[in-house]
Amino acid sequence: GAGVSQSPRYKVAKRGQDVALRCDPISGHVSLFWYQQALGQGPEFLTYFQNEAQLDKSGLPSDRFFAERPEGSVSTLKIQRTQQEDSAVYLCASSLSGSRGNYEQYFGPGTRLTVT
Amino acid sequence: GQQVMQIPQYQHVQEGEDFTTYCNSSTTLSNIQWYKQRPGGHPVFLIQLVKSGEVKKQKRLTFQFGEAKKNSSLHITATQTTDVGTYFCAGLSNSGSRLTFGEGTQLTVNP
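Scope of this entry: the structure provided in the associated data block. (Residues numbered from 1 in each chain as written. Chains lettered and ligands numbered in written order. Predicted model: local features only at pLDDT ≥ 70, side-chain atom pairs only at ≥ 80, totals over all residues. Heavy atoms only, no water.)

1. Concerning the overall build of chain B
Helix and strand counts for chain B come out as zero helices and 11 strands. Walking chain B from its N terminus toward its C terminus, one meets helices and strands in the order β-β-β-β-β-β-β-β-β-β-β. If one aligns the C-alpha atoms of chain B with their principal axes, the spans along those axes are about 45 × 25 × 20 Å. Counting the 111 residues in chain B, one finds 48% classified as buried. Contacts spanning at least 24 positions in sequence make up 54% of the contacts within chain B whose residues lie at least 6 apart. Only carbon and sulfur atoms are counted for the fraction: they give 49% of the accessible area of chain B, which is about 5,300 Å². Counting 10 positive and 7 negative side-chain charges, chain B places the averaged centre of each group 10 Å from the other. (Helix = DSSP H or I, 4+ residues; strand = E, 2+ residues; numbered from the N terminus. Buried < 20%, exposed > 50% of the residue type's maximum accessible area, 1.4 Å probe, protein only. Contact = heavy atoms within 4.5 Å. Areas by Shrake-Rupley, 256 points an atom, 1.4 Å probe, with all protein chains shown as cover. Lys, Arg positive; Asp, Glu negative; His and termini not counted. Charge placed at Lys NZ, Arg CZ, Asp CG, Glu CD.)

Next comes the structure, spelled out in C-alpha cells:
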C-alpha cells in the first residue's frame with residue numbers, strides 16, 4: 001500500500017514569501033505529526049494531530065508557523081514570511097494509534113525548504 | 001524540557017566489526033523508539049521498547065532499555081555495508097505527546 005507522501009519534495013522560497021507544505025498520511029492513520037530536521041540533526045517535533053484535532057502545537061517555533069488537518073486526513077503546514085533560519089527538511093509522520101506517540105510512526109520523504 | 005542525548009555522533013567501522021550507540025534521557029521515559037535514516041532518506045521505524053530492562057533482538061540488532069527507563073542502547077553484531085545510516089533514538093516522556101529525538105549516530109561501514 002501507499003506510504004506517507006509529501007509535496008512538494010523541494011521548495012525554494014525568497015525570504016518573506018509564504019509557503020505551504022502538504023502531507024498525505026497513510027489511509028486510516030489517526031495520528032499525524034510534523035517535524036523539522038536541520039542538517040545533521042535529529043527531527044524536532046513541531047505539532048501533533050489526532051484526527052482533525054490539533055492536540056499539541058508546542059513545538060511550532062513562532063506564530064509564523066501554522067498547521068491544519070481539517071478533515072482528519074491531509075495536513076498542511078504553512079509558514080508565513082519565511083526567514084533563512086526556516087531552511088530545513090520538514091517531515092510528516094503518521095501513526096495508526098490514537099494513543100499519543102505509543103506506536104511506530106511512518107515518515108514521509110520530507111520537503112526540503114531552502115529560503116534564499 | 002526533556003533532552004535526549006546520543007553518543008557517539010559518528011562511528012566508522014570495518015565490515016564485520018560490532019557497533020553500539022547509546023542514548024540517555026534527562027527524564028524518565030514512557031517508552032523509547034529507534035529509527036534508522038539512510039543517507040538522503042527518511043527515518044524508518046526499527047523498534048519500540050516499553051518495559052524497564054527490556055531487551056529485544058532483530059537478527060544482528062540488539063536493543064536494550066535501562067532499568068530506570070532513562071537510557072537505551074542499540075548494538076549491531078558483525079556490521080554489513082547495508083547497516084550504513086544514521087540511527088536515532090526517540091523518547092516519549094510520561095507526560096508528553098511528543099517524541100524527542102536524539103541527534104543520532106552516523107554509522108559508516110568500510111567494506
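2. Regarding the state of the cysteines
This model, assessed by the stated rule, comprises two disulfides over all chains. The side chain of A:C23 participates in a disulfide bridge whose partner is A:C92; the two sulfur atoms lie 1.9 Å from each other. On the S-S bond that ties A:C23 to A:C92, the torsion sits near -65°, and the link is left-handed. With A:C23 in strand β3 (residues 19-24) and A:C92 in strand β9 (residues 88-95), this residue pair connects regions lying 69 residues apart in the sequence. Comparing A:C23 with A:C92, the two get one shared label, buried. Each disulfide pairs two cysteine sulfurs, and for B:C23 the partner residue is B:C89, the sulfurs being separated by 2.0 Å. Because the torsion about its S-S bond is 80°, the bridge between B:C23 and B:C89 counts as right-handed. Of this pair, B:C23 sits in strand β3 (residues 19-25) while B:C89 is found in strand β9 (residues 85-93), placing the two residues 66 residues apart along the sequence. For the pair formed by B:C23 and B:C89, the shared burial category is buried. (Disulfide = S-S within 2.5 Å.)

3. Comments concerning the pattern of salt bridges
Close approach of charged atoms lets side chains of opposite charge pair. Residue and element names in this part refer to chain A. One pass over the structure, following the stated rule, counts five salt bridges over all chains. For R22, the salt bridge goes to D24, with nearest N and O atoms at 2.7 Å. Classification of R22 as partly exposed rests on a relative accessible area of 38%. For D24, a relative accessible area of 23% puts it in the partly exposed group. The shortest N-O distance in the salt bridge between R64 and D86 comes to 2.8 Å. In this pair, R64 is assigned in the loop between β6 (53-56) and β7 (65-68) and D86 in the loop between β8 (75-79) and β9, connecting sequence segments 22 residues apart. D86 carries the same exposure label as R64, and that label is buried. (Salt bridge = Lys/Arg side-chain N within 4 Å of Asp/Glu carboxyl O.)

So far we have only geometry, and geometry alone does not tell us how the molecule works.
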